[in-house]
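Survey of secondary and tertiary structure
For reference, the chains in residue letters:
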Amino acid sequence: MNVFVVLLERLGRDDLVRAGGKGANLGELVRAGFPVPDGFVVTTAAYDRFVTHNRLGNTIARALREEEGSGASIRTALEGAPIPPEIERNILAAYHELGEGAVAVRSSATAEDLPEAAFAGQQDTYLNISDEQALLDSVRRCWASLWTDRAIAYRDRQGINQQTVKLAVVVQRMVAAEVAGVLFTANPVTGARDEVVVDANPGLGEAVVSGLVTPDHFVLRKRRWGWSIAERRAGR
């Protein structure tokens with residue numbers, strides 16, 4: 001594709017800077033042969049161009065200095081700024097190549113899911129987006145969600161430089177899921193590598209990630225003869 005839009009299959013673990021954590025890891029899953037829904041990443045270079053094109057750097061710096069952790073004026077500025085025409089053309093061209101239809105638009109920050117910090121749910125995701133204008137608006141809102149009060153405060157606590165964080169945006173085909181959720185290949189509470197943890201619920205996984213439901217919870221433990229369910233807890 002180009003510097004602003006890259007197919008998932010062309011990304012991997014070394015692309016954190018341009019694709020963010022989610023984009024880089026999804027690319028790695030594609031390379032490993034997992035059935036990842038087709039998609040592309042609007043890279044951090046697009047975010048940089050958007051900020052520069054609209055002269056938003058001073059707005060961001062001033063708000064961080066004067067608003068004591070509030071990103072309201074930053075979000076308002078980003079949500080009201082136009083996407084540069086060349087980026088808009090590239091996003092829509094990639095969307096058409098994807099076959100159009102419903103897509104998920106997912107934030108992918110460069111400071112995301114680090115060994116010492118977890119940013120799950122702190123930036124926005126938009127589901128079932130199915131037309132060009134809604135897609136462009138969702139990309140812009142994802143960029144703005146880098147500056148939620150919660151994300152700013154968390155980065156402050158983790159000692160992450162606010163001026164260095166950037167956001168890529170993943171656009172993927174929607175899956176008509178009967179059941180969805182989150183799978184951890186190591187126990188996120190204990191760190192045990194011989195346990196797999198699954199939290200899931202009927203419908204889309206967004207309800208699990210956003211905390212709208214208490215999901216079904218399973219812990220699988222690896223034995224000599226294979227995997228067995230060590231813990232099962234029904235959700236609500």
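Notes on the structure in this doc start here.

About the thresholds
Starting from 1, residues in each chain are numbered consecutively following that chain's sequence as written. In view of the model being predicted, local features appear only for residues whose pLDDT reaches at least 70, and side-chain atom pairs are presented and counted only at 80 or more, with totals across whole chains, interfaces and linings using the full set of residues. Only heavy atoms go into the side-chain values, all of them from the structure, while hydrogens and water stay out. A run of DSSP states H or I qualifies as a helix once it reaches four residues; a run of E qualifies as a strand once it reaches two. Both are numbered from the N-terminal end. It is over C-alpha atoms that the radius of gyration is taken, and the globule rule equals 2.2 Å times the number of residues to the power 0.38. Between buried and exposed lies partly exposed: a residue is buried under 20% and exposed over 50% of the maximum accessible area for its type, with that area taken using a 1.4 Å probe on protein chains only. Accessible surface area values rest on a Shrake-Rupley calculation with a 1.4 Å probe, where residue burial reflects the displayed protein chains alone. Any Lys or Arg side-chain nitrogen found within 4 Å of a carboxyl oxygen on Asp or Glu counts as a salt bridge. To count toward a patch, a residue needs a relative accessible area above 30% and no salt bridge. Like charges then connect within 9 Å, nonpolar side chains (Val, Leu, Ile, Met, Phe, Trp, Tyr) within 5 Å. This count recognises Lys and Arg as positive and Asp and Glu as negative, with His and chain-terminal groups excluded. To locate a charge, take NZ of a lysine, CZ of an arginine, CG of an aspartate or CD of a glutamate. Only heavy atoms matter for contacts: two residues are in contact if any of them lie within 4.5 Å across the pair. Strands are labelled as partners when DSSP assigns at least two bridges between them. Simply put, an axis is a line fit to the C-alpha atoms, just over the touching stretch for a helix, and the angle between two N-to-C directions goes from 0 to 180 degrees. Here, nonpolar core refers to any group of buried Ala, Val, Leu, Ile, Met, Phe, Trp, Tyr and Cys residues whose side-chain atoms link them within 4.5 Å. By the definition adopted for this analysis, an angle is roughly parallel if under 35 degrees, roughly antiparallel if over 145, roughly perpendicular if from 65 to 115, and oblique otherwise. Handedness of each helix crossing follows the sense of rotation of the near helix against the far helix: counterclockwise by less than a right angle gives left-handed, clockwise gives right-handed. In this classification, the charged set is Asp, Glu, Lys and Arg, the nonpolar set is Ala, Val, Leu, Ile, Met, Phe, Trp, Tyr, Cys and Pro, and all remaining amino acids, among them Gly, are polar. Between N or O atoms, a polar contact is any pair within 3.5 Å; within protein, one atom must be a potential hydrogen donor and the other a potential acceptor, and residues adjacent in sequence are included only when both atoms are from side chains.

**Structural notes on the overall build of the protein**
- Scanning the protein from terminus to terminus reveals eight helices and nine strands.
- Scaling as 2.2 N^0.38, a compact globule of 236 residues should have a C-alpha radius of gyration of about 18 Å, and the protein matches this with 19 Å.
- Taken over 236 residues, the protein has a buried fraction of 42%.
- Here the protein displays about 12,600 Å² of accessible surface, and carbon together with sulfur accounts for 50% of that area.

**Quick look at the pattern of salt bridges**
- In this structure the tally under the stated criterion is nine salt bridges.
- One salt bridge in this structure joins Asp38 and Arg173, with 3.9 Å as the shortest N-O distance. On the criterion of sequence distance, the pair formed by Asp38 in the loop between α1 (16-31) and β2 (39-42) and Arg173 in strand β5 (residues 167-173) is long-range, its members being 135 residues apart.
- A salt bridge links Asp137 to Arg140, with the nearest nitrogen and oxygen atoms 2.7 Å apart. Residue Asp137 and its partner Arg140 are both found in helix α6 (residues 132-145); the two are separated by three residues, about one turn of the helix.
- Arg140 sits in the buried class, given a relative accessible area of 13%.

**With respect to a negative patch on the surface**
- There is a patch of like negative charges on the surface, built from Glu88, Glu100, Asp131 and Glu132.
- Judged by relative accessible area, which is 31%, Glu88 ranks as partly exposed.

**Looking at the side chain of Gln172**
- Here Gln172 lies in strand β5.
- Residue Gln172 is classed as buried on the basis of its relative accessible area, which comes to 4%.
- Once you skip the residues sitting within four places of it in the chain, Gln172 turns out to touch Leu8, Leu26, Val36, Pro37, Asp38, Gly39, Ala102, Val103, Ala104 and Arg106.

**Section: the sheet that holds strand β8 (residues 216-223)**
- Pairing in this open sheet of four strands is antiparallel, and the strands run β6-β7-β8-β9 from one edge to the other. Every other strand in the sheet has two partners, leaving β6 (179-184) and β9 (226-233) as the edge strands with one partner each. Strand-to-strand twist of the sheet, defined as the mean angle between neighbouring strand axes without regard to direction, takes the value 25°.

**Points about the nonpolar core**
- Ranked by internal contacts, the top residues of the largest apolar core, which has 40 residues, are Leu78, Val105, Leu135, Trp143, Trp147 and Val169.
- Sorting elements by how many residues they give to this core places α6 first, with six residues.
- Here Val105 is in contact with Asp124, Thr125, Tyr126, Ile129, Leu135, Ser138, Val139, Cys142, Val169 and Val170, once residues within four sequence places are set aside.
- One finds Leu8, Leu26, Val36 and Ala168 within the second-largest nonpolar core, a separate group that totals nine residues.

**Let's talk about the packing of helix α3 (residues 57-66) against helix α4 (residues 72-80)**
- Interaxial distance between α3 and α4 falls to 8 Å at its minimum, and their mutual angle equals 165°. It follows that α3 is roughly antiparallel to α4 by the angle criterion. The element α3 and its partner α4 pack so that their crossing is right-handed. Of the residues in α4, those touching α3 at Thr59, Ile60, Ala63 and Leu64 are Ser73, Ile74 and Ala77.

**Here's the deal with the packing of helix α5 (residues 85-97) against α6**
- The geometry of α5 relative to α6 is characterised by a closest axis approach of 11 Å and an angle of 120° between their N-to-C directions. The orientation of α5 with respect to α6, classified from their angle, is oblique. For the pair α5 and α6, the crossing hand works out as right-handed. Residues Ile87, Glu88, Ile91, Leu92, Tyr95 and His96 of α5 form the contact with α6, whose participating residues are Glu132, Leu135, Leu136, Val139 and Trp143.
- In terms of residue class, the contact of α5 with α6 is built from eight nonpolar, one polar and two charged.

**Brief notes about the environment of Thr164**
- Topologically, Thr164 is positioned in the loop between α7 (149-158) and β5.
- For the pair Thr164 and Thr110, spaced 54 residues apart in sequence, the C-alpha separation works out to 8.9 Å.
- Side-chain polar atoms of Thr164 contact the backbone oxygen of Asn161, separated by 2.9 Å.

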